[in-house]
Amino acid sequence: MLPRRIVILGNAGSGKSTLARVLGERLSCSVVHLDRLFWRPKWKEPEPMDFRRRVANAISGPEWICEGNYSRRTFDLRLPRADLVIWMDTPRATCLRRVVVRNLLRRPRPDMPVGCSERLNKEFITFLRFVWTFDRDYRPKIENERLRLGAHVPVVRLSSKSQIHSFLTALQPIPSADGSKCLSRKS
């Protein structure tokens, strides 16, 4: 079966959102940015069931690309329906640099939650610590949840621009019987 529902995981600044947008454009699939569904204005957390309802609604269709971790909160919704998991294995120094640069530039991003802005403050310093320790402190927990709820889902690991390019080059959209597009590996 060809992948039509893709979950993209990784550290902040790893390229999850960018890859999701590229795949979404290439495949004419909806892109779900979990940060946009989770965060309320001014970085307020939602009620847990409200977030889960938004995620369930966003992935209710036959094709989607969903980027973001939220493993304990949403893997039970996403992984049973997923056809492919992509782990962005970007080096932490690269992730940290990207997070700092995007914070300083403050450019609008499609994955940015509505009513939230990035600032150089105490919370941002805490977030940088999260980015730096992600592989040691958070990735193992996410991976354990992935194995518990989605061990059957194939995984692709991408750790460099050249690997991402090769992955994208090897994929092509093909029309399905209902006129929608899905992924196929080029022969």
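Below or above, wherever it landed, is the structure these notes cover. Here the structure is a predicted model, which is why all the values come from computation and not from measurement.

Take the overall build of the chain next. A count of helices and strands for the chain gives seven helices and seven strands. Secondary structure of the chain in N-to-C order comes out as β-α-β-α-α-β-α-β-α-α-β-α-β-β. Taken over C-alpha atoms, the radius of gyration comes to 16 Å for the chain, in line with the 16 Å a tight globule of 187 residues would show. Along the first, second and third principal axes, the C-alpha atoms of the chain reach 50 × 40 × 30 Å. Across the 187 residues of the chain, 43% fall into the buried class.

Let us look at the state of the cysteines. Considering all chains together, one arrives at zero disulfides under this definition. Left unpaired, Cys95 is separated from the closest cysteine sulfur, that of Cys66, by 18 Å. Among the residues examined, Cys95 registers a relative accessible area of 0% and is labelled buried.

Here we take up the packing of helix α3 (residues 48–58) against helix α4 (residues 71–78). Axis separation between α3 and α4 bottoms out at 10 Å; the angle between their running directions is 35°. With respect to the hand of their crossing, α3 and α4 are arranged in right-handed fashion. For the pair formed by α3 and α4, the contact residues are Phe51, Arg52, Val55 and Ala56 on the first element and Arg73, Thr74, Asp76, Leu77 and Arg78 on the second. Residue composition of the contact of α3 with α4, by class: four nonpolar, one polar and four charged.

Going through the model one piece at a time under the given rule, you end up with 13 salt bridges. In this structure, Glu45 engages Arg73 in a salt bridge whose closest nitrogen and oxygen atoms are separated by 3.8 Å. You can see Glu45 sitting in the loop between α2 (34–38) and α3 and its partner Arg73 sitting in helix α4, a full 28 residues away along the chain. On the basis of relative accessible area, Glu45 is assigned to the exposed category, the value being 52%.

Conventions adopted
- Residues numbered from 1 in each chain as written.
- Predicted model: local features only at pLDDT ≥ 70, side-chain atom pairs only at ≥ 80, totals over all residues.
- Heavy atoms only, no water.
- Helix = DSSP H or I, 4+ residues; strand = E, 2+ residues; numbered from the N terminus.
- Rg over C-alpha atoms; globule rule 2.2 N^0.38 Å.
- Buried < 20%, exposed > 50% of the residue type's maximum accessible area, 1.4 Å probe, protein only.
- Disulfide = S-S within 2.5 Å.
- Axes fitted to C-alpha atoms, helices over the stretch in contact; angles between N-to-C directions.
- Left-handed = near helix turned anticlockwise from the far one by under 90°.
- Contact = heavy atoms within 4.5 Å.
- Nonpolar A, V, L, I, M, F, W, Y, C, P; charged D, E, K, R; others polar.
- Salt bridge = Lys/Arg side-chain N within 4 Å of Asp/Glu carboxyl O.

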